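Structural description and commentary
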Amino acid sequence: MSPPKRKRGSNGPAGKKAKQAKFVDNEDVEAVPTTAQEEITVPAPVSMGKWKNKERVLIFSSRGVNFRTRHLMNDLRTMMPHSKADTKMDRKDKLFVINEVCEIKNCNKCLYFEAKKKQDLYMWMSNSPHGPSVKFLVQNIHTLAELKMTGNCLKGSRPLLSFDPTFDKEPHFALLKELFIQTFATPHYHPKSQPFVDHVFTFSIADNRIWFRNYQIIEEDGALVEVGPRFVLNIIKIFQGSFGGPTLYENPHFQSPNMHRRELRQATTAKLREKQMLKELQKMKRTENKEVATKDVTADVFATPGVEKPVHIQEEEPGQDPKKRKPKPFKRRRMQMSR
Amino acid sequence: MEDDTQLGTESEEEDSDLSDGELQEAFAKGLLKPGMNVLTSKSRTCVNNVDGMKQCLAELSKTLPWVERLDLTNLPAEDIIARAEGKHPAPGGSVNAEDDFQREMFFYRQAQATVLEALPRLKKLNISTKRPEDYFAEMAKSDQQMQKIRKKLISKQAILEKSEKAKKLREQRKFGKKVQVEVIQKRQKEKKAMMNAVKKYQKGMTDKLDFLDGDQKAPAAANQKNPKADMAKRGPNAKRKSKDDRFGFGGKKSGKKWNTKESHNDVSGFRSKVAHGKGGKKGNKGKQNKRPGKSVRKKMKSRS
């Protein structure tokens, strides 16, 4: 016996409409299949509702990114079905060219990874034509390919976005939160998205940095497993325009990686220099001919003026000591006497 | 006052545009204060345009229903582990970013709180969080990758199990040695008791042959009831007794071997024939060595 036929997204006669979501007027129609006959129907990958939020995110990078960044970028692309890719930017190009690229690609948000010195990674997040835009330093990247993150989720399923309450406390964080929401939230009924919510993007603030995590929802009671990727964003600046314009915010805690490395280097050199100097000093001390102490400074410390005593000479022979003990028998004798 | 000006001039030595006179003037006006010239990390004047940001946010924000955004802002869920351990987490949701475990736990709990809050809302909106069993779609991680992860997990578990087993074995070996030694000792003891009993029987001290039966334990136990009392009744053995006679037992030890007047005067043991080595020769002659010398013996051996 063959198993019952499965149909995806079949809604009876409205089956064809599934693909042409634009024509569905009733936006409240959910992916609730009518159980027609004995056919087992599952929710359609493309839902019946109308895709209204036409958010698109351009994710691309500059030339000279390392493999880890490339992997991270690909992971973000798999996680965000509303993303688009583009060829790598030349490093020489001015940043505002990106705005034009976004326009060409029909995107209104942009994540641009900029690699510098083959070791530092910066990420630009921008609302394309009008701004604002943010520049981050990206640290501690872990990609999906790592084996320690054991979760898995559907490709293109919509994420929940979880924010730290700190995001509401300060204006720049509030702005960032809105930007994050618009960038990372997959639009409802996006054609490439899945009709399930099975993972959470977590944005938390610790140590003045934004920590990104992605968890899979396993059980309904809140059991989670990390899927990845994970990275840490350190805010550098917030600009009013997209890739330019006046600065709205500058992170006072930010220290450029170059500066950080320089400080480390300086600390080591200072340590070394100090050691060298000490060594030299010791050498000099050793070679310096020692002054012979001709005069003892402490020689006359005990030369106290005392009373001179007359010299007494004993002329008589020393006589018997009157206090001499009385003769006593030897031990052997004593023992025998006691026996 | 002197000191203060001194301090000021000292730290300002680098940029020597200011002359001492100017500094003194400044000090007189009260512009210079002690502690003003402490070296600090140069403070950048960071831009923080709050109004601009607020305006920007107002422009940026869209009026979209929650379904489109799926965002939630919440404190982390209650830390069950910390509560069980009796620790009180820092209020205000701050974490030590250096402590990896604590930090990750914080993020996890935040995600958990979000999930717990979002699930009812999603249910209300008729969005499911679980796909049906027969819903197949491409996953974020490929099957190959998941297989790799599984393999790694399994190998990790195997390693853990192996180490645990080895630990157990090591402990067992240690304990086993002790047991073995005990068993051997016990066997030896039993054998000794048996031999003793046999000897006793041979000497005719007992007529009973019950030690040959299986229960050697009972007589041994009976013997061990009061061995000390037995010994006391019997008194010391003959060898001990003779030794005691010869060397003495108990009492004062020192001065025993010394001569006394009586012993000195006692000449009963004196024999003039033997005295002063005279008797030696005679004695030697008397009991001459019957055994011939080595060479002679050899000769004799070769002859025969």
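Residues numbered from 1 in each chain as written. Chains lettered and ligands numbered in written order. Predicted model: local features only at pLDDT ≥ 70, side-chain atom pairs only at ≥ 80, totals over all residues. Heavy atoms only, no water.

Our focus in this paragraph is the side chain of lysine 141 of chain B. Looking at where lysine 141 of chain B falls in the secondary structure, it is placed in the loop between α6 (100-124) and α7 (143-203). One buried charged residue, lysine 141 of chain B, remains without a salt bridge, the closest side chain of opposite sign being aspartate 75 of chain A at 8.6 Å. Ignoring any residue separated from it by four or fewer positions in sequence, one finds lysine 141 of chain B in contact with Leu144, Met149, Thr150, Gly151, Asn152 and Val227 of chain A together with Met146 and Ile149 of chain B. (Helix = DSSP H or I, 4+ residues; strand = E, 2+ residues; numbered from the N terminus. Buried < 20%, exposed > 50% of the residue type's maximum accessible area, 1.4 Å probe, protein only. Lys, Arg positive; Asp, Glu negative; His and termini not counted. Salt bridge = Lys/Arg side-chain N within 4 Å of Asp/Glu carboxyl O. Contact = heavy atoms within 4.5 Å.)

Predicted confidence across chain A gives a mean pLDDT of 84, with 85% of residues reaching 70 or more. Taken as a whole, residues 9-37 of chain A scores under 50 in pLDDT and shows 34 contacts with residues more than four places along the chain or in a different chain. (pLDDT = per-residue confidence, 0-100.)

Our next topic: the nonpolar core. The biggest cluster of nonpolar side chains holds 45 residues, and the ones touching the most others in it are Phe136, Leu176, Phe180, Phe184, Phe203 and Ile210 of chain A. The dominant element in this core, judged by the number of residues it contributes, is helix α3 (residues 171-184) of chain A, at seven residues. Judged by nonpolar contacts, the second largest core, of 23 residues, contains Val197 of chain A together with Val67, Ala111 and Val115 of chain B. (Core = buried A, V, L, I, M, F, W, Y, C linked by side-chain atoms within 4.5 Å.)

Here the focus is a nonpolar patch on the surface. Residues and elements named next belong to chain B. Taken together, Phe175, Val179 and Val183 make up a surface patch of nonpolar side chains, about 260 Å² in accessible area. Considering the arrangement of structural elements, one finds phenylalanine 175 in helix α7. Overall, the relative accessible area of 55% leaves phenylalanine 175 in the exposed class. (Patch = residues over 30% accessible without salt bridge, like charges linked within 9 Å, V, L, I, M, F, W, Y side chains within 5 Å. Areas by Shrake-Rupley, 256 points an atom, 1.4 Å probe, with all protein chains shown as cover.)

Here we take up the state of the cysteines. All names here are of chain A. By the definition in use, this model includes zero disulfides over all chains. Among the cysteines around cysteine 107, which has no disulfide bond, cysteine 102 carries the closest sulfur, lying 5.9 Å off. Cysteine cysteine 110 shares no disulfide, and the gap to the nearest cysteine sulfur, in cysteine 102, comes to 4.0 Å. (Disulfide = S-S within 2.5 Å.)

This part takes up the pairing of strand β3 (residues 57-61) of chain A. All names here are of chain A. Of all five residues that make up β3, five are buried, and the element is covered over most of its length. Side-chain alternation along β3 places Val57, Ile59 and Ser61 on one buried face and Leu58 and Phe60 on a second face that is also buried. As paired strands, β3 and strand β4 (residues 83-85) are joined by three bridges and run parallel to one another. Across the sheet, the residue bridging to isoleucine 59 is alanine 85, located in β4. You can see the chain leave β3, run along helix α1 (residues 67-79) and come back into β4, and the turn it takes is right-handed. (Pairing = 2+ DSSP bridges. Right-handed = clockwise from strand over helix to strand, strands pointing away.)

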